[in-house]
Amino acid sequence: TPKRVPVMAGNWKLNPNTLSDATNLLKLIASNFLHHRSASDPEVVIFPPYPFLMPALELLEGTGIKVGAQNCALQESPGAFTGEVSASMIRSMGCDYVMLGHSERRTLFGETDAKINAKAHLCLKQPGLGIILCIGETLEEYQSNLLESVVEMQLKKGLAGLKAEDISSSSLIIAYEPCWAINTGIAATPQQANTAHMAVRRTLTKLFGADVAQSIRIQYGGSVKPDNIEDLMAMPEIDGALVGGASLTADGFTRIVDGA
Ligand code: PEP
């Protein structure tokens, strides 16, 4: 089976407060990365808020760091959908990914599996645009032994209608993020995460066959920090990380990427 290239992503959420703060952070990240990249390094993607996408694309040019959007519209552009940003717009700027189904979008903004699925189809219609599909169980579900059935359902519904031939290793990344580990400071143990990733890959195998399932990267997310990344990345089924809070400083994010 082909080796999966690790993929490390920073989810900025609703941070930082101002364009000048974003610009400063991007410049610091760019200077860290310009100094020590090599061919065997992981793929790196940063997900800033929409208004900071263009500055990110400009300031990270030449670093090898890719840029993605944290969400996209449920509709195609052009159209009368005030306040929305389409997959086409995002791709046309030069972004390589859209994140879909983050637990904050699911719980705070009414993002259903059906909406996520419709957005996934819109993104994958844009040549060169990949998705990071976020899934994961709540604490209650985890304690009730429902982890595997929850992630299986989220994958089946979120990826409904997609066929193996629609999927390449760069077009679909799964981020397994247990809700109880996001923004709590309590990461899953490497063993817990690896077991969950095995369940994710079992479902991907049912959906797309073993070859495609083996090629899809599965990231762990939830309180990833510079001091736990190496143990997580040592697990065979963990192909990268989706990092929230710890991606908001240049040195923290750089150390996490180095931990891959
Ligand atoms: C996230 O936003 O996807 C996340 C995992 O957040 P944090 O790393 O802050 O827990």
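Residues numbered from 1 in each chain as written. Predicted model: local features only at pLDDT ≥ 70, side-chain atom pairs only at ≥ 80, totals over all residues.

Looking at an unreviewed UniProt entry, the chain carries the name triose-phosphate isomerase, with the source organism given as Nitzschia inconspicua.

### Some details on helix 5 (residues 113-124)
Over its 12 residues, helix 5 extends 16 Å from the first C-alpha to the last, a length consistent with the 16 Å expected when each residue adds 1.5 Å. Where helix 5 is concerned, the buried positions are I116, N117, K119, A120, L122, C123 and L124. Where the residues of helix 5 are buried, they touch helix 3 (87-93), strand 4 (97-100), strand 5 (130-135) and helix 7 (147-158). (Helix = DSSP H or I, 4+ residues; strand = E, 2+ residues; numbered from the N terminus. Expected span 1.5 Å × (residues − 1). Buried ≥ 20, exposed ≤ 12 C-beta atoms within 10 Å, placed from the backbone. Contact = placed C-beta atoms within 7 Å.)

### A word on the nonpolar core
In terms of nonpolar packing, the biggest core is built from 76 residues, with V98, I131, I132, L133 and Y176 touching the most fellow members. Dropping the residues within four chain positions of it, L133 is found in contact with L100, G101, A120, G158, L172, I174 and A175. (Core = buried A, V, L, I, M, F, W, Y, C linked by C-beta atoms within 7 Å.)

### Things to note about the packing of helix 5 against helix 7
Helix 7 packs onto helix 5 with a crossing angle of 45° between their chain directions and a minimal axis gap of 8 Å. The orientation of helix 5 relative to helix 7 falls into the category oblique. Facing D113, A114, I116, N117 and A120 of helix 5, the residues of helix 7 in contact are Q154, K157 and G158. In terms of residue class, the contact of helix 5 with helix 7 is built from 3 nonpolar, 3 polar and 2 charged. (Axes fitted to C-alpha atoms, helices over the stretch in contact; angles between N-to-C directions. Parallel < 35°, antiparallel > 145°, perpendicular 65-115°, else oblique. Nonpolar A, V, L, I, M, F, W, Y, C, P; charged D, E, K, R; others polar.)

### Observations regarding the environment of R217
Residue placement: R217 occurs in strand 7 (residues 217-221). C-alpha of R217 to C-alpha of A241: the two residues are 24 residues apart in sequence and 10.0 Å apart in space. If we skip the residues at most four places from it in the chain, R217 touches R4, V7, S169, I173, D239 and G240.

### Considerations on the site of the ligand
Taken together, 14 residues sit near the ligand, with N11, G221, S223, G244 and G245 positioned nearest. Here the residues of the shell around the ligand sort into 5 nonpolar, 7 polar and 2 charged. (Near = placed C-beta within 6 Å.)

### Notes on helix 11 (residues 250-258)
Buried within helix 11 we find F253, T254, I256 and V257. Angular distribution of buried residues about the axis of helix 11 spans 160°; they occupy a single face of the element. (Arc of directions from axis to C-beta.)

### Some words on the environment of M93
Relative to the elements of secondary structure, M93 occurs in helix 3. A C-alpha to C-alpha distance of 8.2 Å links M93 and L57, two positions 36 residues apart in sequence.

### Section: the sheet that holds strand 2 (residues 43-47)
Strand pairing in a sheet relies on backbone hydrogen bonds, with the paired strands running either antiparallel or parallel. Pairing is parallel around the closed barrel formed by 8 strands, whose spatial order is 1-2-3-4-5-6-7-8. Averaged over all pairs of adjacent strands, the angle between their axes in this sheet comes to 25°, without regard to strand direction. Judged from the 2 bridges that link them, strand 3 (residues 66-69) and strand 4 form a sheet pairing that is parallel. Bridging from a neighbouring strand, G68 pairs with Y97 of strand 4. Across the sheet, helix 8 (residues 190-208) touches strand 6 (172-176) and strand 7, and the angle it forms with strand 6 is around 140°. (Pairing = 2+ DSSP bridges.)

### What about the packing of helix 7 against helix 8?
Interhelical geometry of helix 7 versus helix 8 gives an angle of 40° and a closest axis separation of 9 Å. Taken together, helix 7 and helix 8 sit at an angle that is classed as oblique. Between helix 7 and helix 8 lies a crossing whose hand is right-handed. On helix 8, the residues that touch L147, E148, V151, E152, L155 and K156 of helix 7 are A196, A199, V200, T203, L204 and L207. When its residues are assigned to classes, the contact of helix 7 with helix 8 shows 8 nonpolar, 1 polar and 3 charged. (Left-handed = near helix turned anticlockwise from the far one by under 90°.)

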